[in-house]
Amino acid sequence: MWVYEKKLQYPAKVCKPDIKMAKYLIAQYGGPDGELAAALRYQTQRFVMPTGKAKAILTDIATEEMAHLEIIATLVFKLLKGVPEEVLKREGLGEYYVEHDKTPFYVDTTGMLWSAAYIQAKGDPIADLHEDMAAEEKARSTYEHLINLTDDPCVKDTLRFLREREIVHFQRFGETLMDIQEYLQHKKYF
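Note that the structure is predicted; figures quoted are calculated from it, not measured. (Residues numbered from 1 in each chain as written. Predicted model: local features only at pLDDT ≥ 70, side-chain atom pairs only at ≥ 80, totals over all residues. Heavy atoms only, no water.)

1. Focus on the environment of glycine 174
Piece 1. Looking at the secondary structure, you find glycine 174 in helix 7 (residues 153–189).
Piece 2. Separated by 58 residues in the primary sequence, glycine 174 and alanine 116 have C-alpha atoms spaced 25 Å apart. (Helix = DSSP H or I, 4+ residues; strand = E, 2+ residues; numbered from the N terminus.)

The structure is reproduced here in structure tokens:
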């Protein structure tokens, strides 16, 4: 069970509207390496973790990824706020506007719909934790690319926060992997 606190984990500030940046940020909303895929991946994988500690870590990180999804949605919404429809069309978001107005929606930067195929869950704790570490590195890399694509210091600040959280998640999954390997090795001989 979750308790929702009605505030963002980190402020999603925008200094000025930026249609292109909003389009780029959609990758972290509904793309294959985005926050939705991560949250659902970890929430699914937690069931096969052999220890309560590992299950708790995956649940904690899945929950935080949902908070990141909310931050990304807020950034996208703010970046598009007040932008006229003709500007959206000119900047390549006409089709998006027709389908979703300015509401964040689960697509990637090309408009491809989010897919459950983005969620990897092998059912093997070792394989899944390796997948999770790779997913966090992909997210970190994507945030670095996004930081390079904006000159908005407010957006950069928020993206830096998200990038740092991906690094922390990578480290926590690495620690969990070592714990699970040790647990499975011990279990094998006793």
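2. Concerning helix 1 (residues 19–30)
Each turn of an α-helix holds 3.6 residues, which means side chains three or four residues apart point in the same direction.
Piece 1. Counted at 1.5 Å a residue, the expected span for helix 1 with its twelve residues is 16 Å, and the 17 Å between its end C-alpha atoms agrees.
Piece 2. Counting buried residues along helix 1, nine of its twelve residues qualify, which places the element largely inside the surrounding structure.
Piece 3. Every buried residue of helix 1 is listed here: Ile19, Met21, Ala22, Leu25, Ile26, Ala27, Gln28, Tyr29 and Gly30.
Piece 4. The opening residue of helix 1, the one whose side-chain oxygen lies 3.3 Å from the backbone nitrogen of lysine 20, is aspartate 18. (Expected span 1.5 Å × (residues − 1). Buried < 20%, exposed > 50% of the residue type's maximum accessible area, 1.4 Å probe, protein only. Polar contact = N/O pair within 3.5 Å; in protein donor to acceptor, adjacent residues only side chain to side chain.)

3. Some details on the packing of helix 2 (residues 35–45) against helix 6 (residues 125–148)
Piece 1. Remark: helix 2 packs on helix 6, axes separated minimally by 11 Å, with the N-to-C direction vectors making an angle of 165 degrees. Judged by the angle between their axes, helix 2 and helix 6 are roughly antiparallel. At the point where helix 2 passes helix 6, the crossing takes the left-handed sense. Note on element contacts: helix 6 touches helix 2 through Asp128, Glu131, Asp132, Ala135, Glu136 and Tyr143, opposite Glu35, Arg41, Tyr42 and Gln45.
Piece 2. Residue classes in the contact of helix 2 with helix 6 are distributed as three nonpolar, one polar and six charged. (Axes fitted to C-alpha atoms, helices over the stretch in contact; angles between N-to-C directions. Parallel < 35°, antiparallel > 145°, perpendicular 65-115°, else oblique. Left-handed = near helix turned anticlockwise from the far one by under 90°. Contact = heavy atoms within 4.5 Å. Nonpolar A, V, L, I, M, F, W, Y, C, P; charged D, E, K, R; others polar.)

4. Section: the side chain of aspartate 152
Piece 1. Tracing the backbone through its elements, the reader meets aspartate 152 in the loop between helix 6 and helix 7.
Piece 2. No salt bridge forms around the buried aspartate 152; measuring N to O, its nearest opposite-charge neighbour lysine 16 is 4.7 Å away.
Piece 3. Within the structure, the side chain of aspartate 152 is placed 3.4 Å from the backbone nitrogen of lysine 16, a separation counted as a polar contact.
Piece 4. Of note is the side chain of aspartate 152, whose polar atom sits 3.2 Å from the backbone nitrogen of valine 155. (Lys, Arg positive; Asp, Glu negative; His and termini not counted. Salt bridge = Lys/Arg side-chain N within 4 Å of Asp/Glu carboxyl O.)

5. A word on the state of the cysteines
Piece 1. Under the definition given, this model contains one disulfide.
Piece 2. Here cysteine 15 pairs with cysteine 154 through a disulfide, and the sulfurs are 2.2 Å apart. With the S-S bond torsion at 65 degrees, the cross-link from cysteine 15 to cysteine 154 turns out right-handed. With cysteine 15 in the segment before helix 1 and cysteine 154 in helix 7, the pair connects residues that are 139 residues apart, well separated along the chain.
Piece 3. With a relative accessible area of 45%, cysteine 15 lands in the partly exposed category. (Disulfide = S-S within 2.5 Å.)

6. What about the packing of aromatic side chains?
Piece 1. On inspection of all chains with the given rule, the structure shows five aromatic pairs.
Piece 2. When the centroid spacing of 4.5 Å and the interplanar angle of 5 degrees are considered together, the rings of tyrosine 29 and tyrosine 106 count as stacked. One end of the pair, tyrosine 29, is in helix 1; the other, tyrosine 106, is in the loop between helix 5 (94–100) and helix 6, and 77 residues separate them in sequence.
Piece 3. Residue classification places tyrosine 106 among the partly exposed residues on the basis of a relative accessible area of 29%.
Piece 4. When the ring of phenylalanine 105 is compared with that of tyrosine 106, the centres are 6.3 Å apart and the planes differ by 45 degrees; the resulting orientation is tilted.
Piece 5. On the basis of relative accessible area, phenylalanine 105 is assigned to the partly exposed category, the value being 30%.
Piece 6. Counting every residue linked through ring pairs, the aromatic cluster contains Tyr29, Phe105 and Tyr106. (Phe/Tyr/Trp six-rings, centres within 6.5 Å; stacked < 30°, edge-to-face > 60°.)

7. Considerations on unusual backbone geometry
Piece 1. The backbone of aspartate 101 shows a phi angle near 60 degrees, a positive value even though the residue is not glycine.
Piece 2. Relative accessible area serves as the criterion here: at 42%, aspartate 101 is assigned to the partly exposed category.

Taken by themselves, the reported measurements are silent on function.
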